[in-house]
Structures are given as structure tokens and as C-alpha cells.
Amino acid sequence: INKAPMAAIMLLLGFIVANFGITDAQVGVCCGLLGNNLPPISEVVALYKSNNIKRMRIYDASHAVLNALKGSNIELILGVPNSELQRLTDASSAASWVQSNVVPFWPSVRIRYIAVGNEVSPIHQASLAQSLRPALVNVFNAVRSAGLHEQIKVSTAIDTTLIGKSYPPSEGAFRDDVRWFVDPIIGHLVWAKTPILANIYTYFSYVSNPRDISLPYALFTSPSISVWDQGRGYQNLFDAMLDALYSSLEGAWGGDLDVVVSESGWPSAGGTGATLDNARTYYTNLIKHVKGGTPKRPNKPIETYLFALFNENQKSPELEKNFGVFYPNKQPKYNLNFGAQR
């Protein structure tokens, strides 16, 4: 055997495996910083690296955070806050935003997605909702003008309460009165070949309907299939919620879209069912589960971001302060394996 070609092949295979590992076999963690007792951002980045967390979501373009991420090899969802959306309906403002917050940091900061807006609702935020698609398109065009649209995908985190029917999952559908809002956004993302982001919380579904949703079903601990739907068996609520979103997208000509779960978590205190044991169970099982897909899209890893890194003591109500997987002193709240295999 000629060792030179073999070495090249092994190197290529290693590269492919390494990239597959980053792309498909890792969960990220959302990095909210609404606390007055949190460590310096340099220590936050070091915490990600020491725990083998290869992806991060942040909620605004903090240059302190972006500078700390330089050379870290951590892949990033970079957020555009809802408060910026109206300003970015102006194309020149969107171009300036990209020139200020993206171009100077790429490629030393591995920006994977830009999330333009988070859970914008046309029901509760009508004027804001009218700004979302223009802002999304303008940021996309600015990223494309910078020659980065193949590397950095521009999307939004959709409000999943806009799904009017979620049971059974195969009949998932957006509310009729929000189609004017969601359809053009989905159409743009399909055209741009960009995944849609979605925050999926089984916790809130469980506490809003404990009569019909059991705690084990919400925590991935149900011993058997709880729901049959068109020959597909559902043993956990996370799969049912995500498949209802896939069905809703199909009904809005977005059936080809991938979904990135941009937040998912369980609080350890402050509300019904919010205990350390339940939260530990949820995060542990979620990390393992997302390696393998849903009944509707099996054998397809689900890119997922745990919410959140720290307990944040400046959030309210009390429940919102208790989603951290680490305490502010950087000690782990749970023993999680962020690179776990299914």
C-alpha cells in the first residue's frame, strides 16, 4: 500500500468525522447574561471550552463577548434583539449593523447563524411583527453583500405559540390569523435555504395542561408510547411538539426547512414541577435524545441549544431565574455530558 495516499485518505476521513461531530453530535448552550453576579466573559468562554460545549447562542452583538470568542472555535448564534428590528427595516442600517458586528469578527468568531428577532408575535406585538420580515431580508442582503451568505445563515426564532393546532402532530398547523405573518418569512427562508429557529419548551406545555400531559412524557421518561399518530409512536412531548412544527411548516410550503431548536430547558425552582431532579432528568435526556431525530424525521440529529448557561438573578418572574445548567460561581448544577452519544 502506498502510504502517502492512505495518509491523505485517513486525514480526509478524520476531517469529515471531526466536522460531522461538530455539526451533528453536539448541543450548544444559550448564554444569557442578565445577572449581577456572573463571571467575566473570558471565564465564560473558558467554561464552554473546558466542558466541551462547542456552540453558543447570544442575544445581542456584544463586542465584549465577540472579542472573547475570537479563536475559540465555538460556533455562534448571534442575536439581533427585537428592539433593533424597526431600525433594521432600513437597508443602510442593516448594512451598517453587519459591517459593525459581523464582518470585523469573521472568521475568527465562527458565526453560524444570525437570529433576527426572538419569538416575535403578530398577536401581541403587531407593529414589531410588521418589521420582522423586512429586517430579516435586509440583514440577509447585507450578509450576502459581504460575501458571507454561504457561511452565515440569517434566520429568526419563531414563536411556537403561533401554532394553532398541535395535536395530533401530523395535523399541526399555524393559526389562520397569523398566516399573513409567517408565510412570507417561511417563503424567504425556503428561498435562502436557511433553517428556521424554534424555542421548544415541554415544561410550559406540561404546566399549562397537566391533566393531559404527564410529567414522564415531558421529561423523556415515559416507559411506553403515549401517542400513536399515522403509524408513528410518540414516547415524549419534545418529539410531538417538534413534529407538530414540521407539519405546520409543511402546510405553509416550508416542508423542506430544517429546524434548529434554539432554546430548550427546564427550571430547577420557582414553579410547578420545577425541581433539581426534574431539570437534571430533562437536560440529561434531551442531550441524548437529539442525536436521533423525531418519528416524522428519524435518524436526523437535531441541532439543539440548552437554555441556559447560568441562573440569571436579574430576570423575572422567579421561575426565569432558575434555568441555568451552571451556578454563577461556574459550578455545574447537574453532571451533564455535552458531547454524549445516544
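Residues numbered from 1 in each chain as written. Predicted model: local features only at pLDDT ≥ 70, side-chain atom pairs only at ≥ 80, totals over all residues. Heavy atoms only, no water.

## Here we look at the nonpolar core
Point 1. Ranked by internal contacts, the top residues of the largest apolar core, which has 109 residues, are Ile-114, Val-116, Phe-174, Phe-238 and Phe-338.
Point 2. When residues of this core are assigned to their parent elements, the largest contribution, nine residues, is made by helix α5 (residues 126–145).
Point 3. Look past the residues within four positions of Val-116 in its chain and what remains in contact with it is Val-80, Leu-85, Leu-132, Ala-135, Leu-136, Val-139, Val-154, Ser-155 and Thr-156. (Core = buried A, V, L, I, M, F, W, Y, C linked by side-chain atoms within 4.5 Å. Buried < 20%, exposed > 50% of the residue type's maximum accessible area, 1.4 Å probe, protein only. Helix = DSSP H or I, 4+ residues; strand = E, 2+ residues; numbered from the N terminus. Contact = heavy atoms within 4.5 Å.)

## Quick look at the packing of aromatic side chains
Point 1. Under the criterion given, the structure shown has 16 aromatic pairs.
Point 2. Aromatic pair Trp-180 and Phe-181: ring centres 5.9 Å apart, planes at 65 degrees, arrangement edge-to-face.
Point 3. On the basis of relative accessibility, which here comes to 46%, the residue Trp-180 falls in the partly exposed class.
Point 4. Between Phe-307 and Phe-323, the ring centres sit 5.7 Å apart and the planes meet at 70 degrees, which makes this aromatic pair edge-to-face. (Phe/Tyr/Trp six-rings, centres within 6.5 Å; stacked < 30°, edge-to-face > 60°.)

## Here's the deal with the confidence of the model for the chain
Point 1. Residues with a pLDDT of 70 or more make up 92% of the chain, whose mean pLDDT is 91.
Point 2. Overall, residues 1–23 carries pLDDT values under 50, and its contacts beyond four positions in sequence, including any with other chains, amount to nine contacts. (pLDDT = per-residue confidence, 0-100.)

## Observations regarding the pairing of strand β8 (residues 196–199)
Point 1. Residue alternation in β8 divides its side chains into two sets, Ile-196 and Ala-198 and Leu-197 and Asn-199, and both sets are buried.
Point 2. Looking at chain direction, strand β5 (residues 153–158) and β8 are connected through two bridges and run parallel. Note on β8: the bridge partner recorded for Ile-158 is Ala-198.
Point 3. Bridge analysis of β8 against strand β11 (residues 259–264) gives four bridges, and the strand direction is parallel. Residue Ile-196 lies in a different strand from β11, and its bridge partner there is Val-259. (Pairing = 2+ DSSP bridges.)

## Considering the environment of Ala-126
Point 1. Examined against the element boundaries, Ala-126 turns out to sit in helix α5.
Point 2. Separated by 55 residues in the primary sequence, Ala-126 and Phe-181 have C-alpha atoms spaced 9.7 Å apart.

## Considerations on unusual backbone geometry
Point 1. Here Trp-106 and Pro-107 are connected by a cis peptide whose omega angle stands at 5 degrees.
Point 2. Its location among the elements puts Pro-107 in the loop between α4 (91–101) and β4 (110–118).
Point 3. Geometrically, the link from Tyr-167 to Pro-168 is a cis peptide bond, its omega value of -5 degrees lying close to zero.
Point 4. In this structure, Pro-168 sits in the loop between β6 (163–165) and β7 (173–174).
Point 5. In this structure, Asn-73 takes a positive phi of about 70 degrees despite not being glycine.
Point 6. With respect to the secondary-structure elements, Asn-73 resides in the loop between α3 (63–69) and β3 (75–80).
Point 7. Among the residues examined, Asn-73 registers a relative accessible area of 45% and is labelled partly exposed.
Point 8. The phi angle at Phe-220 is positive, at roughly 70 degrees, despite the residue not being glycine.
Point 9. Here Phe-220 shows up in the loop between α8 (215–219) and β9 (227–229).

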